[in-house]
Each structure stands twice: as structure tokens, then as C-alpha cells.
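# Working through the structure, step by step
For reference, the chains in residue letters:
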Amino acid sequence: MIWNLPVLIVLSNLFLLGGPFILPYPKTLMHVMDTGVDMPGDDCLHRLVKIQGFSGQKAVAAAKDFRMSGTCKAADAGALILGKVLQQDAPKQAVSWFEKAIKSPSRVIRLHASLGLAGALAGIGKDARARRILEHLGSKHLSVKDQALVLFLESKVRPQQRKALLRRLFIDFPTSKWAQANRTGVHESDLSNDELFERAEGFSRVFDHGEAARIYKRLHGLGYRPVETAWRLARILLFKLRTRPREALNLLKEVEAARGDSRDLLMARAKAYKMLEEYDRAAQIYHTVIQRYRHGRIRAKCYYYLGWLPYDHGKYNQAIPWFDTFLRRYHHSPLRTYILWFKAWSLIKLGRLADADRTLQRMIPYGNNLVAGKAMYWLGVTAHELHDFDASRQWFKRLIDKYPMTYYSILAWRRLGQWYKIQGPKWLDAPGITGPFVPYWGLDRLSGRYRDVILRVRALAILGFRQAAFRTYRRYRHRIERRFRGRDAVRFLRTVYGATGQWRALSETAARRFRNMLGPVPSGKTLDYWSLVYPQAESWFVRPYARKEGIDPLWVYSIMRQESHFSLSKVSVADAIGIMQMIPETAKRVGKELGLAYDPMEFFRPEINIRFCIHYLASLFRDFKGQVVFASAAYNGGAPPIRRMMLAHRNAPMDRMVEDISYNQSRNYCRKVAEHMLRYIRIYAGPKRRRSLLKALYPDPVDYKLGRHVNY
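Residues numbered from 1 in each chain as written. Predicted model: local features only at pLDDT ≥ 70, side-chain atom pairs only at ≥ 80, totals over all residues. Heavy atoms only, no water.

### Focus on the overall build of the protein
- When you go through the protein residue by residue, the secondary structure sums to 40 helices and 0 strands.
- By its C-alpha atoms, the protein is 85 × 70 × 45 Å across when sized along the principal axes.
- Expressed as a percentage of the 712 residues in the protein, the buried residues total 58%.
- A total of about 31100 Å² of accessible surface is found on the protein, and carbon and sulfur atoms cover 50% of it. (Helix = DSSP H or I, 4+ residues; strand = E, 2+ residues; numbered from the N terminus. Buried < 20%, exposed > 50% of the residue type's maximum accessible area, 1.4 Å probe, protein only. Areas by Shrake-Rupley, 256 points an atom, 1.4 Å probe, with all protein chains shown as cover.)

### Observations concerning the pattern of salt bridges
- One pass over the full model with this rule turns up 46 salt bridges.
- Between Asp76 and Arg456 there is a salt bridge, with the nearest N and O atoms lying 2.7 Å from each other. Of this pair, Asp76 sits in helix 5 (residues 75–86) while Arg456 sits in helix 25 (residues 448–463), and the two are 380 residues apart along the sequence.
- On the basis of relative accessibility, which here comes to 9%, the residue Asp76 falls in the buried class.
- Through salt bridges with shared partners, a single network forms among Glu188, Arg199, Glu211, Arg214 and Arg218. (Salt bridge = Lys/Arg side-chain N within 4 Å of Asp/Glu carboxyl O.)

### Side note on the packing of aromatic side chains
- For the structure shown, the criterion picks out 44 aromatic pairs.
- The interplanar angle of 65 degrees and the centroid separation of 6.5 Å between the aromatic rings of Phe66 and Trp97 together place this pair among those described as edge-to-face. Of the two residues, Phe66 sits in the loop between helix 4 (56–65) and helix 5 while Trp97 sits in helix 6 (residues 91–101), which places them 31 residues apart along the sequence.
- The interplanar angle of 35 degrees and the centroid separation of 4.7 Å between the aromatic rings of Tyr311 and Phe342 together place this pair among those described as tilted. With a gap of 31 residues between them, Tyr311 in helix 18 (residues 297–312) and Phe342 in helix 20 (residues 336–349) connect regions that are remote in the sequence. Both residues of the pair, Tyr311 and Phe342, count as buried.
- These aromatic residues form a ring-pair network of at least three members: Trp341, Trp345, Tyr377, Trp378, Phe389, Phe396, Tyr407, Tyr408, Trp419, Tyr420 and Tyr698.
- Over the face of the ring belonging to Phe152 we find Arg183, whose NZ or CZ atom lies 5.7 Å from the ring centre.
- A cation sits over an aromatic face here: Arg199 above Phe170, 3.9 Å from the ring centre. (Phe/Tyr/Trp six-rings, centres within 6.5 Å; stacked < 30°, edge-to-face > 60°. Lys NZ or Arg CZ within 6 Å of the ring centre and 35° of its normal.)

### Looking at helix 10 (residues 162–172)
- For helix 10, the full list of buried residues reads Leu165, Leu166, Leu169, Phe170, Ile171 and Asp172.
- Residues of helix 10 that are buried sit in contact with helix 9 (144–157), helix 11 (181–184) and helix 12 (193–205). (Contact = heavy atoms within 4.5 Å.)

### Considerations on a positive patch on the surface
- Where like charges cluster on the molecular surface, the positive patch consists of Arg449, Arg475, Arg479, Arg482, Arg483 and Arg485.
- Relative to the elements of secondary structure, Arg483 occurs in the loop between helix 27 (477–481) and helix 28 (486–499).
- The partly exposed category is assigned to Arg483, whose relative accessible area is 37%. (Patch = residues over 30% accessible without salt bridge, like charges linked within 9 Å, V, L, I, M, F, W, Y side chains within 5 Å. Lys, Arg positive; Asp, Glu negative; His and termini not counted. Charge placed at Lys NZ, Arg CZ, Asp CG, Glu CD.)

### Some remarks on the packing of helix 8 (residues 127–137) against helix 9
- Relative to each other, helix 8 and helix 9 sit at 150 degrees, their axes nearing to 10 Å. With respect to each other, helix 8 and helix 9 are oriented roughly antiparallel. The way helix 8 lies across helix 9 gives a crossing that is left-handed. Residues Asp127, Ala130, Arg131, Leu134 and Leu137 of helix 8 lie in contact with helix 9, whose contacting residues are Val150, Leu153, Glu154, Lys156 and Val157.
- Here the residues of the contact of helix 8 with helix 9 sort into 6 nonpolar, no polar and 4 charged. (Axes fitted to C-alpha atoms, helices over the stretch in contact; angles between N-to-C directions. Parallel < 35°, antiparallel > 145°, perpendicular 65-115°, else oblique. Left-handed = near helix turned anticlockwise from the far one by under 90°. Nonpolar A, V, L, I, M, F, W, Y, C, P; charged D, E, K, R; others polar.)

### Section: unusual backbone geometry
- Residue Pro701 is reached from Asp700 by a cis peptide bond, and omega for that bond is 0 degrees.
- Mapping Pro701 onto the fold places it in the segment after helix 40 (687–697).
- One non-glycine residue with positive phi stands out, namely Glu277, at about 60 degrees.
- With respect to the helices and strands, Glu277 occurs in the loop between helix 16 (263–275) and helix 17 (279–292).
- Even without a glycine there, the phi angle at Asp575 is positive, about 65 degrees.

### Here's the deal with the environment of Met582
- Inspection of the secondary structure assignment puts Met582 in the loop between helix 33 (553–564) and helix 34 (584–594).
- Sequence separation of Met582 and Arg183 is 399 residues, and the distance between their C-alpha atoms is 29 Å.

### Notes on the side chain of Arg682
- In this fold, Arg682 is placed in helix 39 (residues 664–684).
- Despite its burial, Arg682 pairs with no opposite charge; the closest candidate is Asp528, at 10 Å N-O.

### What to know about the packing of helix 7 (residues 107–123) against helix 9
- Taken N-terminus to C-terminus, the directions of helix 7 and helix 9 make an angle of 20 degrees; their axes are 10 Å apart at the nearest point. Regarding the angle of helix 7 to helix 9, the classification is roughly parallel. Read as a crossing pair, helix 7 and helix 9 show a hand that is left-handed. On helix 9, the residues touching Leu111, His112, Leu115, Ala118, Gly119 and Ala122 of helix 7 are Asp146, Leu149, Val150, Leu153 and Val157.
- Its residues assigned to classes, the contact of helix 7 with helix 9 comprises 8 nonpolar, 2 polar and 1 charged.

### Let's talk about the environment of Thr175
- Inspection of the secondary structure puts Thr175 in the loop between helix 10 and helix 11.
- Sequence separation of Thr175 and Val144 is 31 residues, and the distance between their C-alpha atoms is 10.0 Å.
- Thr175 has contacts with Gln180, Phe203, Val206, Asp208, Asp599, Pro600 and Met601, leaving out every residue within four places of it along the chain.

### Some remarks on helix 40
- Arg690, Leu693, Leu694, Ala696 and Leu697 are the residues of helix 40 that are buried. When helix 40 is viewed along its axis, its buried side chains cluster within an angular range of 155 degrees and face the same direction. Exposed residues pointing more than 90 degrees away from the buried face of helix 40 are listed as Lys688 and Lys695.
- Tucked inside the fold, the buried residues of helix 40 contact helix 33, helix 36 (628–637), helix 38 (654–659) and helix 39. (Arc of directions from axis to C-beta.)

### Some thoughts on the environment of Val49
- For Val49, the location among the structural elements is in helix 3 (residues 43–53).
- Note on Val49: relative accessible area 5%, which makes it buried.
- Separated by 84 residues in the primary sequence, Val49 and Ile133 place their C-alpha atoms 29 Å from one another.

Now the structure itself:
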């Protein structure tokens, strides 16, 4: 039996592009396309996929009639699916399916089967057995979402403790759908101040700092633990939400009056003054810290900012002495390369090109295309301005040879073309991988246990149990992967790791296994190997969403690679979430634009994370007039500050404008995204599309008539 692939593609696109993006078909329908659709003899799997696609009584009727085939390689996953379908309308039958699923070798399936079984037993009045299951689960290995569900189920099977359990659910898991007031009957007005404080901590645990700040502000106004609530609220405003620095400063003054100042308090106050651009006051605090704390990295950070503050306001003559002090004192600080660059850029701005050259050459031994490559590029530019044209050409060629296909190498090619009439790189007109990916599960190369493992992995992936699928595969992967070589290995790895959602593992495995075949940059003979290092991750969601929003999917993959290296579960230091790393406050605003509620417990799901983030990217793309590097910087640092920086340097050429982005992280980020995108367009784009995307990456001239739709 063979699936009708074109019909599936059309159906899935209709579901994705029309109305809400929640799929009426199984959430893994897209995976079926890329995980292999020819599954001869596996009628059991076909029917389970169809049942997932049904709804209401049709689904219940299909589940009741279902008979599990003895050849079904994912009978435990199928039993779990059937139990969930039947749980609401036929709980007795659901119990029998959950009991089958609970014997699964997969911990993930056992866990969800246990939760489903407890719920079904509660539905038919077998509370004692349900309680035993929930007690056995405890909280070990449970996600926050599952902990909330356990507490909700406990409230159903322990009627005498129901009110207390629902109250605890409302306090500890405030973002869970089980904890909403309409389910628990509890409202914030019913809580004591101690309970409100705990609820705020519950919001912080799931990175909803906006709601936590709201409660801390209320408690502070009530005089409850005023110093602690002031300190927590101030830190959220400064380091999480990064808003309302004046309010944060007033709160910090309250803390200082009660506790006296400390190193953390001083640095928080300095950050508030920096956000307000009251740089003289921030500098006073840094001087105080230097005098008070004689050891540690904190002093280096203070010297760094004492130079950066005047530098950021264009007072380069005041900044340079501080940069020199830092360079004399700190030879091994990770901030040293930034300081060298700030000094060099200050000298370039002041027209002291010979002095700038000496500083730029000090950067070259550090390596790295964003340090040494940048130094080589600007050495080429300054040599040209000093009319040393031979040196200028040599620096550009040295950069291209040392760091090919990077942000600065393309700038160097442009300068060679503009100034010296040297043609651009040959790869611009080379073919890329433009055909569809053909899945390969390698069943013709496997037998016995390993064949059964791959059949089970495939079945679990198609049914949506990607984590369970990878856990099944991981135990045998080294022994299985040894059986594949060359292009077969490429196709097999892309199929298995893509089906199980392990894009980061795919990229790292390929970089390690094929390191001797990759070469310095993608080329005609190595494109297949490079396609694993730079995969089109979650393409079944990216392509239709990007098409709907009018942006190129290759940009989206480049953002993913820089943000999380394709990790679905990553949380950053700034509490950005998921594969494309969006912070909750931004997600709330984007959700309003999309007409979709932001749920922190669901935001790790790639189809949701990608939908929100692509919409935000597309809005930035329009505001920044299709200029990808600047839109990427705004995705990292926020649209308003990047817009302000661009307008402050209006009419600057593209290479100078990027260097004037004062946020180190955003400046590095947008150049790394450009580097990833160069490799993506070499691998996957044809010559026409490649040239179009290069124009978006390297606009000449820069369009400074920016939009203002995104003001957050």
C-alpha cells in the first residue's frame, strides 16, 4: 500500500495556511512526507494515522473497531493513541488500551499511558487504582506540564482534598490549562500574600516574567516583603523584560536604603543608567566598583564599560585611553578582542588610519572570521584609502583564502570588484541541490534485530512519538550507521535524524563523520555532506509558513542554526525558548497579531514556535525593507534599538553601518546569520535565487526609510 504523496501535500498546506495553524490531522502528518511514505504490508500503521486524522464520533467509532495487528512495529504507541481517542467517550475501552501501552519499552509512552490510564480510571469511578498509579508516578522525570496534569488528576480522585489540591495547582502551575480559574474555581483575589508570592515564582519557572512582575509589583504596593519584592521586580525589569529602567532604578534605591549597597546592586544600578543613557552616572558607579573590589572579572567589566560608554556616544578621544588601560591590564580577558576592535574603529572614525592599521593587525593572531577576518577586511579598506592599492588587494585576497564564504569574504569580493575589477566567486553560478529529498530507511541493507529497530523507529516517528523513536534508535545507532557509506549514509542519516527531530545531532554527527570529505566550503562534490551540517530542519513547517509570510525559508534555517543549532528544547540565558528562541514577552505580542494564545507549556513544539517566529521575522523583514542582515540584528536585539542605530548613522554604506551596531551580541549575531545563509544558498539555491538573496544580504545602497510596525 502506497500513500498518495501529492494529495497529502495539498491537504497539509491547506490545513497550515487556512485559519488557525492547529492541524486537524496528526501533528506528524508533515513528517510522513519526509520519513518515507511507502510502507508495504503495514496496514496497522496506516489505520492508526487515519484514526488520528478523524475527530468526534468518527474517531471513536474507528478506534472501537480497531484490531491491533501482530506485525505492528509500534503497537504500544498505537495503543496509547487509541486510549486517548476513546478516553472521553468510551473510558472502559480506553482503560484496556492504556493497559497495553503501559507495558511499552519506551519511558515516554509508559509515562503518557500512565497519565491516560489514571484519567480513564477516574472517569469510571475507580479512584483507588488511579491514586496508586499517580503515587507511583510522583514527580520524577515529569515535565512542568505533566506535573500540573498529575495534580489535576489527584484532585479528581481525592475528593476530600480536592479544594486544597486545586488551590495548589492554581498557585504552582499558573500557566497550565488545568490551573485556570474556570477549572479550579480559584482566583488571585482568594489568595494570601504568601500564596501570591509563590504564584509569581510559578510564573517565573515557566519564563513568564511579565506575569511574575505584575504580581511582585502588586505585593510591593501592599508592603509585603518590600525589600525582596523590590529586588525581584527590579531584576526582572532590567534583565528579563529589559523595560522601565526608571522604575527599576527607584526600586533599587529602596533596596539600597534597606540593605546597603553590594556588588550586584551597584552593577544593576549601572545597567539601569546605561539603559537610560545617563552614562556619566553609570561611569561613577563603575569607578566605585573598581575602587571597592580589587579582584575578579568584575573590574575588567568595569574598565570595559568605562571605555564603551564614551565610545557609544561617539566621544572617541575620551574612549581610547580607557581602551589602552584595559589592554595593558587584561591580556587574557574574553573581552579583549572587543576592546581591540573598539579602539581600531575609534581610530578609523578619527581618521588616524595608520594607528588603526597597527591595532587591526593585533587582532589577526586571535583567529576567527569575526575577529581576524574583520581585521583583514578593514586593513584592506584602510590601505585603499591610504592609496596603497597592492596592500589592499593582498589583504582582501588573504581574507578570502583564509575565511572563504563568510560575511567579510563576500564584502572583500565586492570591494575587489568595485575597486579592482576582479570578478566574484565562481560558486555564484554553480548548481545547488534543488530537487526533493528522497527518504531512505536502509531496510535493504539491514536484517534481523537492526531491521526491526528501524521499522519501529519509523513507525514511532510517523505516529508522532519522535522522542521515543530516537531513544529506540540511539541504543543501536553506532552499529547501524557503520553499515552505510557515502551517499547512502547521507540519505539514511537525514531520514532517521530528521524523522526523530534530532537536527542538532544530525549536524554534529555529519560534521564529525564527514570532516575529511567536507572541505573548507560547500562545493559540487560535497554538497550532499554539507546538507547534513546545514539541514533544512522542520521543513514541513518552515516552507508553508515562510511561503505564507513572504520570506525565504533559507533565512529561517540560518536563524535556527544560530539561535539554537536546531535544538527543539533550548532555553537561553535570556529565557528565549525553542528552536527559534523567542522570549515570552515577544511571543505574547506576536500571538495577539496572529490571533493565537501564547502558551509557555506548548511553545517548545516546533510547529508552534516556528509559526510565531516566522511571523515576527516577516514583520521585521518588511520594516527593514528586505535587508536581511539588519532584520536579523533586530530579531536578536529588538527592532527599536537597531532602528535607532541605523537612523543615527543614516546614509552610511552597509559595511560601516553593521560595525556601528553598538550591541556586541547583535552585531556578531547578524554576521553569523549571514555566514550561515551564504552556506545555505550555496547548498540549496540555484544561481538566480542565489543572486537575489545576496542582494538582500548585502544591500547597496542601504535603504534607511524604515517601517515602524514592530516597536518591541
